Amino acid sequence: NGERTKLQVFAMRSMASGAAFHRAYLRATQQAFLEAHELGFQYVGGVFRCLRYDNLGSAVKKILRGFRREETARFVAFRSHWQFEASFCTPGEGHEKGGVEGEVGYFRRNHFVPVPAARDLEDLNAKLLAWCREDEARIIDGRERTVGEALAIERQQLMPMAREGFDLVEVSFGQVNGLGCVKVRTNAYSAPLLPGTTAQIKLSAATVEVWHEGRCVARHERSYGRHQQVLDLEHYLDVLEHKPGAFAGSKPLEQWRRAGRWPVSYDQFWNGLMQRHGRQEGTRAMIELLQLGRRLGAARL
């Protein structure tokens, strides 16, 4: 949306075919690290028997003597689920995985220069995936086949995908506070539930979902700031309908404006309603219209 944003990019590359998978995240969390593995396996069409890493904290808890590592419990469970082996480079010896180091440089020069523009993270990752497929048409120096042709041959040697993915979601429970929010880590996320209600919270690398009575009642983009309030205007419409005077200066409306969810046409229609019915009743009528958007979708509205 026109703002320069620093992202972390996961890269996985095959030593045999040279096929590579790239995916961007706001933060290099362990959840993002593991999720990107699964998406990478889907991209190449199977599971590598052995994966080689540097000593990143998402996988390595402690570096021991020689090539021995104490891996994190979550990473051990993840690779046990997918049944691949892990090998780790000597600290500071990046050349031991030179293929992926070269791939990162190649991908950056060819696809991140100039800095790409994208609507949001989902849009950017769709572009990254398209660029990965585009790169399958190239021929690496010293080879005869394209990357895509070599991948088709290599795919026959990969281990099959697991029937189900690894459970990457972090589940917790919390109570809705007086501001209509549930606390997740240090941040608060709005939910259309009464204060005091106990809700189930599902935290992934990119999203926060609030569940109640077996139904997802709220879904937010995950914030990696600290002590932030992430508010959805639709969650406050019932309250604001009874207090229309608080609508114009409300924080949920401000966040919708910043996120691009409040188009100019909304302000034009709202101003027309206020001219016709007065500020109080015109605002209440606008809130009633937004209620329709909650039921039928923003596109219909």
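Note that residues are indexed from 1 along each chain, following the sequence as it is written. Given that this is a predicted model, residues contribute local features only at a pLDDT of at least 70 and side-chain atom pairs are listed and counted only at 80 or more, while totals for whole chains, interfaces and linings are drawn from all residues. Only hydrogens and water are set aside when side-chain values are computed; all heavy atoms of the structure are taken into account.

Caption draft 1: The arrangement of the overall build of the protein chain in detail. Scanning the protein chain for helices and strands turns up 9 helices and 13 strands. Across its three principal directions, the C-alpha atoms of the protein chain cover 75 × 40 × 35 Å. Across the protein chain, every contact between residues at least 6 apart in sequence was considered, and the portion connecting residues at least 24 apart equals 55%. For the accessible areas, the method is Shrake-Rupley and the probe is 1.4 Å, while residue cover comes only from the protein chains on display. Counting every atom, the protein chain has about 17700 Å² of accessible surface; 50% of that belongs to carbon and sulfur. Numbering of helices and strands runs from the N terminus; a helix is a DSSP stretch of H or I covering at least four residues, while a strand is a stretch of E covering at least two. By the convention used here, residues are in contact when the closest approach between their heavy atoms is within 4.5 Å.

Caption draft 2: Spatial organisation of the pairing of strand E2 (residues 20-25). Throughout this description, buried means an accessible area under 20% of the type-specific maximum (1.4 Å probe, protein chains only), exposed means over 50%, and partly exposed covers the range between. Within E2, 5 of the 6 residues are buried, leaving the element largely enclosed by the surrounding structure. Bridging between strand E1 (residues 8-13) and E2 involves 6 bridges; their strand directions are antiparallel. In the strand pairing of E2, Arg13 is matched with Ala20. Connecting E1 to the antiparallel partner E2 that follows it, the hairpin turn spans 6 residues, and Gly18 within it adopts a positive phi of roughly 85 degrees. Here the rule is simple: two strands pair whenever DSSP picks up at least two bridges between them.

Caption draft 3: Expanded view of the environment of Cys89. Looking at the secondary structure, you find Cys89 in the loop between strand E6 (85-88) and helix H3 (98-111). Its relative accessible area of 3% is what places Cys89 among the buried residues. For the pair formed by Cys89 and Asn55, sequence separation is 34 residues and the distance between their alpha carbons is 7.0 Å.

Caption draft 4: A look at empty space enclosed by the protein. Note on definitions: the grid is 1 Å and covers protein atoms alone; a cavity is a set of points where a 1.4 Å probe fits but cannot get out; a pocket is an open set with protein on both sides within 12 Å along at least five of seven lines; lining residues have an atom within 4 Å of a point. Grid points are joined across faces, edges and corners, and a volume is the space filled by probe spheres set on the points. Within the structure shown, the criterion is met by 1 cavity of 30 Å³ or more. For the largest cavity, the calculated volume is near 60 Å³. If you go around the largest cavity, the residues you meet are Gly18, Ala19, Ala20, His22, Glu103, Phe107, Cys132, Asp135, Glu136, Arg138 and Val147. Looking at the lining of the largest cavity, the elements that each hand over two or more residues are E2, H3 and helix H4 (121-135). Considering only residue class, the lining of the largest cavity consists of 5 nonpolar, 2 polar and 4 charged. Only Asp, Glu, Lys and Arg are considered charged, only Ala, Val, Leu, Ile, Met, Phe, Trp, Tyr, Cys and Pro nonpolar, and every remaining residue, Gly among them, polar.

Caption draft 5: View of the nonpolar core. Nonpolar core, defined: a set of buried Ala, Val, Leu, Ile, Met, Phe, Trp, Tyr and Cys residues in which side-chain atoms within 4.5 Å join the residues together. Phe41, Phe75 and Phe84 are the most contacted members of the largest nonpolar core, which totals 37 residues. Sorting elements by how many residues they give to this core places helix H1 (residues 30-44) first, with 7 residues. Those residues within four positions of Phe75 in sequence are excluded, and the remaining contacts are Gln30, Phe33, Leu34, Tyr53, Ser58, Ala59, Phe84, Ala86 and Phe88.

Caption draft 6: Inspection of the environment of Met274 at higher detail. Within the secondary structure, Met274 sits in helix H8 (residues 264-277). Classification of Met274 as buried rests on a relative accessible area of 17%. Here the alpha-carbon distance between Met274 and Met286, two residues 12 residues apart in the chain, equals 8.9 Å. Ignoring any residue separated from it by four or fewer positions in sequence, one finds Met274 in contact with Arg279, Gly282 and Thr283.

Caption draft 7: Examining the layout of surface pockets more closely. Empty space within the second largest pocket amounts to approximately 330 Å³. Lining the second largest pocket are 13 residues, and of these Gly180, Leu193, His235, Tyr236 and Val239 lie nearest its centre. Each residue belonging to the lining of the second largest pocket can be placed in one class, and the counts come to 8 nonpolar, 3 polar and 2 charged.

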